[in-house]
Amino acid sequence: MASLLPLLCLCVAAAHLAEARDAFPTEGPTGTAWGFHGQSPPSGQPSPALDNWEEASEWTSWFNVDHPGGDGDFESLAAIRFYYGPARVCPQPLALEARTTDWALPATVGERVHLNPTRGFWCLNREQPRGRRCSNYHVRFRCPLEAAWGTWGPWGPCSGSCGPGRRSRRRSCPVEDKCPGRPLEAQKCVRPQCPGCNPDTCGCPNHVLLGVVVTPSGRPLPARVFLQGRPGTVATSNAHGNFRVPGICASSRANISAQVDGFSAGVAQAQANGSVSAVVTVVLKKLEKPYLMKHPESRVREAGQNVTFCCKAAGTPTPKKYSWFHNGTLLNRRELRYGAQLELRGLRPDQAGTYHCKAWNDAGTIRSAAAWLTVLAPGQPACDPQPLEHLIKLPDDCGQPDGSPAYLDVGRCPDVRCPGPLVSGPRCGDSSTRCCSVRRLQSQAVRCSGYVLPVKVVAECGCQKCLPSRALVRGRVVAADSGEPLRFARILRGHEPIGFTSYQGDFTIEVPPSPERLVLTFLDPSGEFVDAVRVLPFDPWGTGVYHEVKAMRKRVPVILDATQSNRIPLGELRDEAPMGELVLPPGAFRFANGRPYLGAVEARVTFVDPRDLASVAAAPSDLLFLDHDGELTPLRTYGMFSVDLRATSSGEQLQAGPLAVRVAAGQIHMAGHAEALRLWSLDPSTGLWEEEGRFQREAPTGPRVRREERVFLVGNVEVRERRLFNLDVPERRRCFVKVRVYANDKFTPSEQVEGAVVTLVNLEPAPGFSANPRAWGRFDSAVTGPNGACLPAFCHEEQPDAYTALVTATLGGEELEPAPSRPRPLPAAVGVTQPYLDRLDYRRTDHEDPAFKRNGFRINMAKPRPGNPAEARGPVYPWRSLRECQEAPLTDSHFRFARVEADRYEYNVVPFRESAPASWTSDFLAWWPNPQEFRACFLKVRIQGPQEYMVRARSAGGIHPRTQGQLYGLRDARSVRDPQQPSTSAACVEFKCSGMLFDQQLADRTLVTITPQGSCRRTAINTLLHDYLARHPPPVPTDDPIAFSMLAPLDPLGHNYGVYTVTDQSPRLAKEIAIGRCFDGSSDGFSREMKADAGTAVTFQCQEPPTGRPSLFQRLLESPASALGDIRQEMGEVARAQARATGPLRTRQGRAWQ
């Protein structure tokens, strides 16, 4: 059956598409764009611009889920939401636009199409002119931006004539049903006390109230029952949740409440079910600590303006109390009259600084992240028009006379926000986002060897409308033990389903606005894997981040007898005793509604053993909990386990409890940990651990206890809704570690890389220190931003080797390499000054054995000592110095990683920092024409030769009148050897994709020229690619045997053509995914091992030049005309000689090359 699952899932997806096709009628609006608030534009005209739309809105990315065939082309909104996730398109789109994959309008190609923004797009073959079929279309939707509420109206009168009541007030939304939240707010109020109660008005002696207290799942609860208006407890429910209260009038509709420790209070109204009886059901929800759904956001304002910070928390019960703090000082609630919103009017300079909120409910407290408020003095510019320095590396043939690389300052605008617009009422967000960005570019020219390199530099910065940043997380879910993908796994954000993984286990998530933590749960449809709850770091500024999620396979099931006592070991490492055991007493199992279960039980208890270093990759969550002050506090684990209990006959999931968890005291050596050990359960909606109970030392059961017998710590747990548990100790000795990532091992300051995922694993303390025999204690991940990343870790001031850490980094699935440490670490390379470097004992993973992978480093977590200036500026910072770590300058100590694939070079005529969307400029020569959607294109070049070769791709304007013949950019990539073929390598070279330029008026087919370094000649062109280019004129002359040129296709062709195209909202993710597919030679795979014979576009044969003679590549750079003439003459002589000597043989070989 397992082998049929992928086929079954594909059938379900196909049925989904089929249903979407059947749902489309043959009549309806036709054209290019259609919506509720606009008309179709004239034929050949672009879509309405953002600034010209009647309400604040924006276009989504382009989607293409169906290829024309059968009845036509169908792009249903339901199918798009199914494949791309519901968050990619708003609930009520305003309009829809469709274009062919050649970027033509339907009217331009003469096709009749149907568009409906609430249903999608469809084109029917039977409606087209004779002999024509529907083209392949992609679509996008117009979505409204979030509207904002107006001010609250006055409070209404108090309800009722006496006693407690309620009053309410309303607010209005400028766009109906578009503002988040509710238009009505209510609060308690009090009128004069009601007159006393008597038996005639309050009691009925012969009547009775029958009730039950249960959880939302139907499990009965013993609870204290109360009657509104009557003091004290009126009844107590029994083990079945039932209670009985005599004397309550059947028609009184009395309000009944119930209370149980650990649950929120519940209230329900009695309903008459007869003349003398009434019934009531009180549902109690388990207390849940508050968690923040909206954090306050940083703002920039001018003095005298107003600002509103917003904070929203959820939990059980819903938090009602909020407090606000300025620079850590509590603000006066009565003076500012704040609640979940803090409004400050007439701002003064002294009100600048940090603001955060706290929210309370009966279960606890939570603190928000800090937001920065910048208050500009009158006349103070938010954006300096003078650009900052930004150095880019020029091509190698533009280097210095001494051979060193040359750098050019192209300038950049600072990454700062500008003041928002003046608004009349309080708003949680700015209606339009303005930031410091490029206002004017200036053209320059750089002389290189044999050619002139055009470049545009930033000449002026200014405050302009900028695109909102969209944080994007992409990744792949695979089995931790085998690497197989989790196909069609359901993805939850909190309790909300947001999509599925693909057949290859891939997923893409757009992070909603204003979260601090992205918590996702991946549910395996086969039930063979533990629910993977992950807290995935992301870059809030919009850089795409790639994660590989490892899912843990469940243990083989064991069959238990529910009427007997059962024991299941926790931890089964070879040659190691278990960490403990789970004890299930007889009669402990029940259904979700509380009904006992006494049959056979299928139990699967899966343990994450921290003594196995490999298990850290599959560990759930990030080992944090909320302390009493509402701050996130780290835990140090002794093991995690999941419990899956099912009835053998029906497969129905069971609950159980109380169960005993026994932990071997001999496994806990660190002082104080045996007393501090606690049992925790994971809340999958927040990714935080919550305390279930404490452990106590087990008392001896016999008169004498032998010395060799194991001593256990015992705690109790209930297996209900939560099934992931943790044996942890809170740890207070904490620090931060500063890490930066660079484009290459030169560690040039201007070549820092954003969007890399850095992971720190706390390892076991060094031998000789009083600690536990475990491999790891906790782990943390962070994403590098413009100033690197700061990772939390345990540390010790007096004993440097008390705690150690392993640090690794990845970028788009690619492992990065830290600075070397053999034979001894050099401060200039590692980035840490002496003598602190020696105290940290920096060791790269290959320090002891050069055969080991060089993908990480280990350090002693030596906390900086107060008063020691050599340790005051990184790379390790005290826990309360997070801000100093985050804002540390480049000159301060830090650890370094670099990309291994340093043999890649990128040059854009119009500079653009992929990690800063605000640096995009609307220029015809921009490499990326659309800052909201990035399309990466790669060509796979196979090279047959004795070594690896550099391959250059030159991208220039092809057919567009504004760019024809002008350079877009250059890309160099070194070929990678195929491990299966020693004399063959291949290079994945990026070129600028064809398509619309920034004005969305006319498409350009990029003129791409591929030239390998060395003495090379082209021997073969992919047959499908050659035929495609021949069918799509104009052709480009390909008679030059040392290069390959083409007008790049508008269609995303695929691996059969040797072309790899990926569209994403992050340029880096688009490129990394395309490179992975190019290495693999497939359209949906991913590999870091080059497969040179799979999916290639063009083949070259290269040979070593004679000694003392410059390579062909070098001669082309120095004197192109002379080099081409010499090479043509040489190749002509060789060809004529070979034709005279071995004509028939050469003919057969030539066919083989093709």
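Please read all numbers here as calculations on a predicted model, not as lab measurements. Numbers given to residues run from 1 along each chain, matching the order in which its sequence is written. Where totals are concerned, whole chains, interfaces and linings use all residues; where local detail is concerned, this predicted model gives features only for residues with pLDDT of at least 70, and gives and counts side-chain atom pairs only at 80 or more. To obtain the side-chain values, all non-hydrogen atoms of the structure were used and water was disregarded.

Examining unusual backbone geometry
Glycine aside, the phi torsion of most residues is negative, and most peptide linkages are trans.
At step 1: The linkage connecting arginine 822 with the following residue, proline 823, adopts the cis geometry, with an omega of -10°.
At step 2: Note on placement: proline 823 falls in the loop between strand S58 (817–818) and helix H7 (827–830).
At step 3: Here the amide bond leading from glycine 874 into proline 875 is cis, since omega sits at 5°, within 30 degrees of zero.
At step 4: Here proline 875 lies in the loop between strand S60 (856–860) and strand S61 (876–878).
At step 5: A positive phi angle is found at aspartate 841, which is not glycine, with a value near 55°.
At step 6: On the secondary structure map, aspartate 841 appears in the loop between helix H8 (836–840) and strand S59 (843–844). Helical segments are the DSSP runs of H or I of at least four residues, strand segments are the runs of E of at least two, and each set is numbered from the N terminus.

Notes on the sheet that holds strand S14 (residues 255–259)
At step 1: In space, the four strands of this open sheet follow the order S12-S11-S14-S15, with antiparallel pairing throughout. Two strands bound the open sheet, and with one partner strand each, they are strand S12 (235–236) and strand S15 (266–269).
At step 2: Strand pairing follows a simple DSSP-based rule, namely that at least 2 bridges must link the two strands. Pairing analysis gives four bridges linking S14 to S15, with the strands arranged antiparallel. Residue pairing across strands places asparagine 255 opposite glutamine 269, the latter belonging to S15.

A few points about the packing of aromatic side chains
At step 1: Only centres within 6.5 Å qualify two rings of Phe, Tyr or Trp (six-membered ring in Trp) as a pair; their planes then separate them into stacked at under 30 degrees, edge-to-face at over 60, and tilted for everything else. Counted by the stated rule, this structure contains 21 aromatic pairs.
At step 2: Arranged with centres 5.1 Å apart and planes meeting at 55°, the rings of phenylalanine 507 and phenylalanine 522 form a pair that is tilted. Here the residue phenylalanine 507 occupies a position in strand S35 (residues 506–510), and phenylalanine 522 occupies one in strand S36 (residues 519–523), the gap between them amounting to 15 residues. Here phenylalanine 507 and phenylalanine 522 have matching classes, each one buried.
At step 3: For the ring pair tyrosine 842 and phenylalanine 895, a centre distance of 5.9 Å and an interplane angle of 10° mean the geometry is stacked. With tyrosine 842 in the loop between H8 and S59 and phenylalanine 895 in strand S62 (residues 895–898), the pair connects residues that are 53 residues apart, well separated along the chain. In terms of burial, tyrosine 842 and phenylalanine 895 fall into one category: buried.
At step 4: Among the aromatic side chains, those forming a connected cluster through ring pairs are Tyr842, Phe857, Phe895 and Phe897.
At step 5: For a ring to carry a charge above it, either NZ of a lysine or CZ of an arginine must fall within 6 Å of the ring centroid while also lying within 35 degrees of the normal to the ring plane. Positioned above the aromatic ring of tryptophan 360 is the side chain of lysine 321, whose terminal nitrogen or guanidinium carbon lies 5.1 Å from the ring centre.
At step 6: Cation over ring: lysine 992 sits above tyrosine 968, and NZ or CZ is 4.6 Å from the ring centre. Buried means the residue's accessible area, taken with a 1.4 Å probe over protein chains only, is under 20% of the maximum for its type, while exposed means over 50%, and partly exposed covers the values in between.

Observations regarding helix H10 (residues 1023–1031)
At step 1: Among the residues making up H10, those that are buried are Leu1025, Tyr1028 and Leu1029. All buried residues of H10 lie within an arc of 95° about the axis, which places them on one face of the element. In this structure, H10 carries Ala1030 and Arg1031 as exposed residues pointing more than 90 degrees from its buried face.
At step 2: Buried residues along H10 sit in contact with strand S73 (1044–1047) and strand S74 (1059–1064).
At step 3: Identification of polar contacts relies on pairs of N or O atoms within 3.5 Å, with a donor-acceptor requirement for protein atoms, meaning one able to donate a hydrogen and the other able to accept it, and with residues adjacent in sequence counted only if both atoms are side-chain atoms. Near the N-terminus of H10, the side chain that reaches the backbone nitrogen of leucine 1024, with its oxygen 2.9 Å away, is that of asparagine 1022. This arc is built from the directions going out from the helix axis to the C-beta atoms. Any pair of residues with heavy atoms lying within 4.5 Å of one another is described as a contacting pair.

As for the side chain of aspartate 644
At step 1: Within the secondary structure, aspartate 644 sits in strand S45 (residues 632–647).
At step 2: A residue is classified by how much of its surface remains accessible, and aspartate 644, at 8% relative accessible area, is buried.
At step 3: Within the local environment of aspartate 644, its side chain forms a polar contact with the side chain of arginine 646, the two groups lying 3.3 Å apart.
At step 4: Within the structure, aspartate 644 has its side chain in polar contact with the side chain of glutamine 653 (distance 3.4 Å).
At step 5: The contacts of aspartate 644, once residues within four sequence positions are left out, are Lys554, Glu602, Ala603, Arg604 and Gln653.

What about the state of the cysteines?
At step 1: Only a pair of cysteine sulfur atoms within 2.5 Å qualifies as a disulfide here. Within the structure shown, the criterion is met by 13 disulfides.
At step 2: Linked covalently through their sulfurs, cysteine 90 and cysteine 143 form a disulfide whose S-S length is 2.2 Å. Linking cysteine 90 and cysteine 143, the disulfide has an S-S dihedral of approximately -85° and is accordingly described as left-handed. Taken together, the positions of cysteine 90 in the loop between helix H2 (77–84) and strand S4 (95–100) and cysteine 143 in strand S7 (residues 137–144) put the pair 53 residues apart, joining distant regions of the chain.
At step 3: The class of cysteine 143 is buried, set by a relative accessible area of 7%.

Notes on the pattern of salt bridges
At step 1: Here, a salt bridge means any Lys or Arg side-chain nitrogen found within 4 Å of an Asp or Glu carboxyl oxygen. Counting across every chain of the model gives 54 salt bridges.
At step 2: Salt-bridge contacts for arginine 883 lead to glutamate 887; the nearest nitrogen and oxygen are separated by 3.3 Å.
At step 3: Each of Glu817, Arg844, Asp846 and Arg854 takes part in one network of salt bridges that share partners.

Focus on the confidence of the model for the chain
At step 1: As a per-residue measure, pLDDT reflects the predictor's confidence and takes values from 0 up to 100. In this model, the chain carries an average pLDDT of 82, and 84% of its residues clear a pLDDT of 70 or more.
At step 2: Confidence drops under a pLDDT of 50 for residues 1–51, and excluding neighbours within four residues, the segment shows 100 contacts in the predicted structure.

With respect to the pairing of S62
At step 1: Here S62 shows a buried face lined by Phe895 and Phe897 and a second buried face lined by Arg896 and Ala898.
At step 2: One ladder, built from four bridges, connects strand S52 (residues 734–742) with S62; its direction is parallel. Considered in S62, the bridge of arginine 740 is made with arginine 896.
At step 3: One ladder, built from two bridges, connects S58 with S62; its direction is antiparallel. Among the inter-strand pairings, proline 818 is bridged to a residue of S62, identified as phenylalanine 897.

Quick notes on the environment of proline 931
At step 1: By secondary structure assignment, the location of proline 931 is in the loop between strand S63 (904–908) and strand S64 (934–944).
At step 2: Expressed as a C-alpha distance, the spacing of proline 931 and tryptophan 920, which sit eleven residues apart in the sequence, is 6.7 Å.
At step 3: Apart from the residues within four sequence positions on either side, proline 931 is in contact with Leu467 and Trp920.

Overview of the environment of serine 449
At step 1: If you trace the backbone, serine 449 turns up in the loop between strand S30 (434–448) and strand S31 (451–465).
At step 2: Owing to a relative accessible area of 28%, serine 449 belongs among the partly exposed residues under this scheme.
At step 3: On a C-alpha basis, the gap between serine 449 and cysteine 398 in space is 6.4 Å, while along the polypeptide they are 51 residues apart.
At step 4: A polar contact is formed between the side chain of serine 449 and the backbone oxygen of aspartate 397, at a distance of 3.1 Å.

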